[in-house]
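This is what each chain is made of:
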There are 6 protein chains.
Amino acid sequence: MTMPDVPAISRFPVPALADLPEDLRARILEVQDKAGFVPNVFLVLAHRPDEFRAFFAYHDALMLKEGGGLSKAEREMIVVATSGAANCQYCVVAHGAILRIYEKNPLIADQVAINHRKADLTPRRRAMLDFALKVSLRSAEVDESDYARLREHGFTDEDAWDIAAIAAFFAMSNRLANMSGMRPNDEFYVMGRVPKR
Amino acid sequence: MTMPDVPAISRFPVPALADLPEDLRARILEVQDKAGFVPNVFLVLAHRPDEFRAFFAYHDALMLKEGGGLSKAEREMIVVATSGAANCQYCVVAHGAILRIYEKNPLIADQVAINHRKADLTPRRRAMLDFALKVSLRSAEVDESDYARLREHGFTDEDAWDIAAIAAFFAMSNRLANMSGMRPNDEFYVMGRVPKR
Amino acid sequence: MTMPDVPAISRFPVPALADLPEDLRARILEVQDKAGFVPNVFLVLAHRPDEFRAFFAYHDALMLKEGGGLSKAEREMIVVATSGAANCQYCVVAHGAILRIYEKNPLIADQVAINHRKADLTPRRRAMLDFALKVSLRSAEVDESDYARLREHGFTDEDAWDIAAIAAFFAMSNRLANMSGMRPNDEFYVMGRVPKR
Amino acid sequence: MTMPDVPAISRFPVPALADLPEDLRARILEVQDKAGFVPNVFLVLAHRPDEFRAFFAYHDALMLKEGGGLSKAEREMIVVATSGAANCQYCVVAHGAILRIYEKNPLIADQVAINHRKADLTPRRRAMLDFALKVSLRSAEVDESDYARLREHGFTDEDAWDIAAIAAFFAMSNRLANMSGMRPNDEFYVMGRVPKR
Amino acid sequence: MTMPDVPAISRFPVPALADLPEDLRARILEVQDKAGFVPNVFLVLAHRPDEFRAFFAYHDALMLKEGGGLSKAEREMIVVATSGAANCQYCVVAHGAILRIYEKNPLIADQVAINHRKADLTPRRRAMLDFALKVSLRSAEVDESDYARLREHGFTDEDAWDIAAIAAFFAMSNRLANMSGMRPNDEFYVMGRVPKR
Amino acid sequence: MTMPDVPAISRFPVPALADLPEDLRARILEVQDKAGFVPNVFLVLAHRPDEFRAFFAYHDALMLKEGGGLSKAEREMIVVATSGAANCQYCVVAHGAILRIYEKNPLIADQVAINHRKADLTPRRRAMLDFALKVSLRSAEVDESDYARLREHGFTDEDAWDIAAIAAFFAMSNRLANMSGMRPNDEFYVMGRVPKR
């Protein structure tokens, strides 16, 4: 093994749980309770409580909202595809795990992260990721022809906003993770890869 | 003039002020009171109230916070430089206006948006924008040498987080503005260019 | 203000008016008479009189010629769009001013410099700038399909030459300005932005 | 699950084992015996027996040779890093599995495929991958300074040839896999991720 | 003349003919007999006999095979076009010479190396080189539309494999030549340019 | 041979010599007298007499001027290197011929056009071409460190202007040649490759 014994999860200070404002601590304990561990993004961003609050409020508004034309798995697919293109360790590994679980597919996350064009995707999902990657990588070139192509695959304008907003939010997340050296929890790497026993 | 008579400020529906949740309306009236007009970003994002709330909470945490090693003008400089590189009309024009006003310099916004390397900048600010642009355009390549260079110019690690977080937040904003066709208010173009009478 | 008191207009020596050959001095006095000031490009290039003469002869053949299918404003639009893509301070700021004045539109120069796809442009002008930018950035890929698209918008082959030749000439100018650190006159920044009183 | 029931492993015909020349069949049975399944690259390239023979002769000369300054795990690291940069599903997934096993590290393959700069690597291995990626992506710029940097990390010129030759061979492999739609076996995705029971 | 008197043909050791394994020596003497000189690629790669054997076995399987829809000249065209795009001195100069001879056309190699879009090519050959360059430069984006376009020009799927495999093999060769500083023999530069007397 | 019998030298009309203004005709006859044929650039640009005059005045000011620190061969080297990077058939082939003749070196033009880093160049000339290519490809990034590096190799600031101005002028020429489909005369391909008899 080439890893140092206890690798840092951030190049910035990581506050102790006890030192956090109550609302942050509550959120963190809630996610720990649900997931069985605390995803490092919560601890790394807790360094800046106001930014933490806004980050997760935005995240939840996009990723957890009820309704809309995108399934939760599809939203995670957008995260994984755009984060792969941005070479973001944390987002590919952590959201890849969530995608495998939501989609009950042990292969899809790696496929989408490496090259969505060769992934096992319906044409509708291929179009969704093509648009997400255009927003992520060349948003200045987005025009009405992009929305028209989405409509051909049954996406409404509201769905298009969702796709673009998720791609945009994770453009931010990728940069935060890359600048802070945010390390994915070891747990994520294997989640959703093997059937539960 | 090649402009249509009343150009749209978004390719998505823009809600009437009367139809907005109370907190959004209050925020919008407050900014109108202060600026004399409503910057279009408030109206365009009001299409999604939860996203509006998170967006401006995040914005304020980064751009309005007291303390820290970056002046408000320097924060706007980061916005203008990275938004220029992302070809974002709204962010360059609107934040360019704010930068001119904060900096009391009618030239600086255009200089920074076009090519920060040729702008009238101190070496410290040049280093700040070099880092911001690396986070914006090539964040996967950020490493400790970037932080070391910032320290040579007197920036602390906390300042570095601020620079990177602003660059990251506007990477998101640029994509939102580009996908929605967010139009800068005409008022911004001339603000801060001529002495007040 | 972050500017040094008297910023240099070139990293090369700038000759005194009195030391110039008679024809250069006459040209400079003529432009000063007309514009009210001497645009710095005349002074910077006067460092090399033979190059000055050829540069302005070429410039005038393209930008001042009578006839042809391009208005003078459209020619300036080509300059501003391609110079924005080349990150050239002098050309964006100086020709942006001229464009605002010719077009009597205080917004158009910033729009075209930042992202012509989102500017207030007719489809004809959009096609004109798409071609100009292809010549400027990827001329090796120009082929007959580009000329066909121009014809659909009413441009003749002679117009196409004009568009391409202006894009090519300013590809040269952008490089000369960038290498010499050619500084736009402060006057340009505000010209054409506010109605004359 | 979004996958078709039996996804193709190549967009070209895949010969039946019985129809193959004896030497190809023997090689394939040998690998099946050792790995427990036949990696698809053997079946896909068997479409062209002469190319199959040369491909695996070359592969073995680089990846299986005894001696030299690179461990087998390090050779696989080069494959994974350069194949990640080339967005090659087959090579990242299949060689990622081998890397995890050789290195007895369940995290290293994903880390190296996504962004080797943020992987758990010694400075020596970081330098090795920097060079491999330069050969893979910008070989025209390789010069003596690259060899000097490798020497600082203890690599001889012969090691440098090995690194470069592996990067070059997989530049070929990536293109073959991408053009043929070579599909990684499902088995690879989970290999080396969980301790054997 | 700016050349050193005896420029090296490789930055790695080049073995003496007498020290080579018998099969390598035989191959080299055979090519010398046929061409009148030993192309440097044989000497440079002889530094690694096993790699030499695999390299030329692969080369011969692709470039010398009988049958198939590509003429030998067309195969060389693929080499020259893709090697031009990879800035590989050895491959452009050596295979350019072979292309001129096969095609009995003194202009075609330079045309194809510099910009195949402006070369004297039939539409069929233009399509062949477009595909080869896509495999060489952006293989992750290859999809069925590329094969469909080739079919419109009369290429079968087997021809498509040939085109792609040659592009892939020379992607490897270009990197080997660039990393080793492989120098083209002076003889190649003028071969096929002037009528034999 | 795949060439049409009489390939066009331009996609635009080429005027008959008899129809040209006297000064253009005189210049063309002069060059024909000296070279033995009329380089196509003269005929292609004669379509626009005013642009022809300015183009050659500029060309002569840069390429034919007496004095300065650059030999005529070095000036041609700048043309060939930057035109290779811009994939310009006419400029690489025509100026490659002139470079071979001036330098009395049959290899140098192909070397410099394909990859100047691997060409037979002194460190001084390597630095000259590095700067020329930066001006040609990334002029917005030129700064004082580039001039400092040139000085280390004995270039004055006036030499730097010459290098940059030649790179800039041929950035224009490359675009004019690419847009017009300017065809190099067949004569250029072999000039300077074989000793005169």
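Anything mentioned here points back to the structure above.
As the structure is a computational prediction, the values presented were derived from the model and not from experiment.

Engineer: For this particular structure, what's the right way to read the pattern of salt bridges?
Structural biologist: Between side chains of opposite charge, a pair can form when the charged atoms approach closely. Inspection of every chain in the model, using the stated rule, returns 130 salt bridges over all chains. Arg 11 of chain D is paired through a salt bridge with Glu 144 of chain E; the nearest N and O atoms lie 2.4 Å apart. You can see Arg 11 of chain D sitting in the segment before helix H1 (22-35) and its partner Glu 144 of chain E sitting in helix H8 (residues 144-152), one on each of two chains. Residue Arg 11 of chain D is classed as partly exposed on the basis of its relative accessible area of 22%. Residue Glu 144 of chain E is classed as partly exposed on the basis of its relative accessible area of 42%. The partner of Asp 130 of chain E in a salt bridge is Arg 149 of chain E, with the nearest N and O atoms 2.9 Å apart. Of this pair, Asp 130 of chain E sits in helix H7 (residues 123-138) while Arg 149 of chain E is found in helix H8, placing the two residues 19 residues apart along the sequence. Taken together, the shared-partner salt bridges in this structure form one network comprising Arg 48 and Glu 51 of chain A together with Lys 65, Glu 158 and Asp 162 of chain B.

Engineer: Whenever I open this one, the packing of helix H4 (residues 72-85) of chain A against helix H9 (residues 157-180) of chain A confuses me. Can you help?
Structural biologist: To describe two helices that pack against each other, one gives the angle between their axes and the distance between the axes. All names here are of chain A. For the pair H4 and H9, interaxial distance at closest approach is 9 Å and the crossing angle is 45 degrees. Here H4 lies oblique to H9, going by the angle between them. For the pair H4 and H9, the sense of crossing is right-handed. Residue-level contacts link Arg 75, Ile 78, Val 79, Thr 82 and Ser 83 of H4 to Ile 163, Ile 166, Ala 167, Phe 170 and Asn 174 of H9. Split by residue class, the contact of H4 with H9 holds 6 nonpolar, 3 polar and 1 charged.

Engineer: Teacher, can you tell me more about the relation of the copies chain A and chain B here?
Structural biologist: Two copies of one chain are present, and they are related through a rotation about an axis combined with an axial shift. Mapping chain A onto chain B calls for a rotation angle of 180 degrees and an axial translation of 0.0 Å; the resulting RMSD is 0.0 Å. Seen this way, the second copy is the image of the first under a two-fold rotation axis. Most of the interface of chain A is mirrored in chain B, where 100% of its interface residues are also at the interface.

Engineer: Looking at this model, I keep getting lost on the interface of chain B and chain F. Mind explaining?
Structural biologist: Frequently, the measure chosen for interface size is the accessible area removed from exposure when the parts meet. Residue-level contacts link 4 residues of chain B with 4 residues of chain F. Where chain B abuts chain F, roughly 280 Å² becomes buried across the two surfaces, and 36% of that area is made up of carbon and sulfur atoms. Counting the surface chain B buries against chain F, the share from its top three residues, Asn 115, Arg 117 and Lys 118 of chain B, is 87%. Taken together, the connections running from chain B to chain F amount to 0 salt bridges. Between chain B and chain F we count 2 residue pairs in polar contact (both at pLDDT 80 or more) in total.

Engineer: Explanation requested: the packing of aromatic side chains in the structure shown.
Structural biologist: Aromatic ring pairs are reported here in terms of the distance separating the ring centres and the angle at which the planes meet. Summed over the entire model, instances satisfying the criterion amount to 72 aromatic pairs over all chains. Aromatic side chains Phe 12 of chain A and Tyr 147 of chain B sit 5.9 Å apart centroid to centroid with 75 degrees between the ring planes, which places their arrangement in the edge-to-face category. Of this pair, Phe 12 of chain A sits in the segment before helix H1 (22-35) while Tyr 147 of chain B sits in helix H8 (residues 144-152), each in a different chain. For Phe 12 of chain A, a relative accessible area of 4% corresponds to the buried category. Judged by its relative accessible area of 2%, Tyr 147 of chain B is buried. With a centroid separation of 6.2 Å and 85 degrees between ring planes, the pair formed by Tyr 90 of chain B and Phe 188 of chain B is classed as edge-to-face. Here Tyr 90 of chain B is found in helix H5 (residues 89-103), whereas its partner Phe 188 of chain B is found in helix H10 (residues 186-190), with 98 residues between them in sequence.

Engineer: Teacher, can you tell me more about the arrangement of the chains here?
Structural biologist: The two units chain C and chain D remain apart, with a minimum C-alpha distance of 20 Å. Nothing in chain A touches chain F, and the closest approach of their C-alpha atoms is 20 Å.

Engineer: Please clarify how the interface of chain A and chain B should be interpreted in this entry.
Structural biologist: Taken together, the contact pairs 42 residues of chain A with 42 residues of chain B. Here chain A and chain B share an interface that buries about 3,700 Å² over both sides, 61% of which is from carbon and sulfur atoms. Sorting the residues of chain A by area buried against chain B places Tyr 58, Trp 161 and Arg 175 of chain A first, and these three jointly supply 23% of that buried surface. Residues Glu 158 of chain B and Arg 48 of chain A are paired through a salt bridge, measuring 3.0 Å at the closest nitrogen-oxygen approach. Seen at the junction of chain A and chain B, the total is 20 residue pairs in polar contact (both at pLDDT 80 or more). Contributing elements (two or more residues each) for the side of chain A that touches chain B: helix H2 (40-45), helix H3 (49-63), helix H7 (123-138), helix H8 (144-152) and H9 of chain A. In terms of residue count, H9 of chain A provides more of the side of chain A that touches chain B than any other element does, 16 residues in total. Taken together, the residues of the side of chain A that touches chain B sort by class into 24 nonpolar, 7 polar and 11 charged.

Engineer: Would you mind showing me how to read H8 of chain E here?
Structural biologist: Two residues of an α-helix separated by three or four positions point the same way, owing to the 3.6 residues in each turn. Along H8 of chain E, the residues classified as buried are Asp 146, Tyr 147 and Leu 150 of chain E. Each buried residue of H8 of chain E lies within a common arc of 95 degrees when the element is viewed along its axis, so the set occupies one face. Close packing links the buried residues of H8 of chain E with helix H9 (157-180) of chain D together with H7 and helix H9 (157-180) of chain E. Phi turns positive, to about 90 degrees, at Gly 154 of chain E, one or two residues after H8 of chain E.

Calculation rules
- Residues numbered from 1 in each chain as written.
- Chains lettered and ligands numbered in written order.
- Predicted model: local features only at pLDDT ≥ 70, side-chain atom pairs only at ≥ 80, totals over all residues.
- Heavy atoms only, no water.
- Salt bridge = Lys/Arg side-chain N within 4 Å of Asp/Glu carboxyl O.
- Helix = DSSP H or I, 4+ residues; strand = E, 2+ residues; numbered from the N terminus.
- Buried < 20%, exposed > 50% of the residue type's maximum accessible area, 1.4 Å probe, protein only.
- Axes fitted to C-alpha atoms, helices over the stretch in contact; angles between N-to-C directions.
- Parallel < 35°, antiparallel > 145°, perpendicular 65-115°, else oblique.
- Left-handed = near helix turned anticlockwise from the far one by under 90°.
- Contact = heavy atoms within 4.5 Å.
- Nonpolar A, V, L, I, M, F, W, Y, C, P; charged D, E, K, R; others polar.
- Least-squares fit on C-alpha atoms with pLDDT ≥ 70 in both.
- Buried area = accessible area lost by both parts, 1.4 Å probe.
- Polar contact = N/O pair within 3.5 Å; in protein donor to acceptor, adjacent residues only side chain to side chain.
- Phe/Tyr/Trp six-rings, centres within 6.5 Å; stacked < 30°, edge-to-face > 60°.
- Arc of directions from axis to C-beta.

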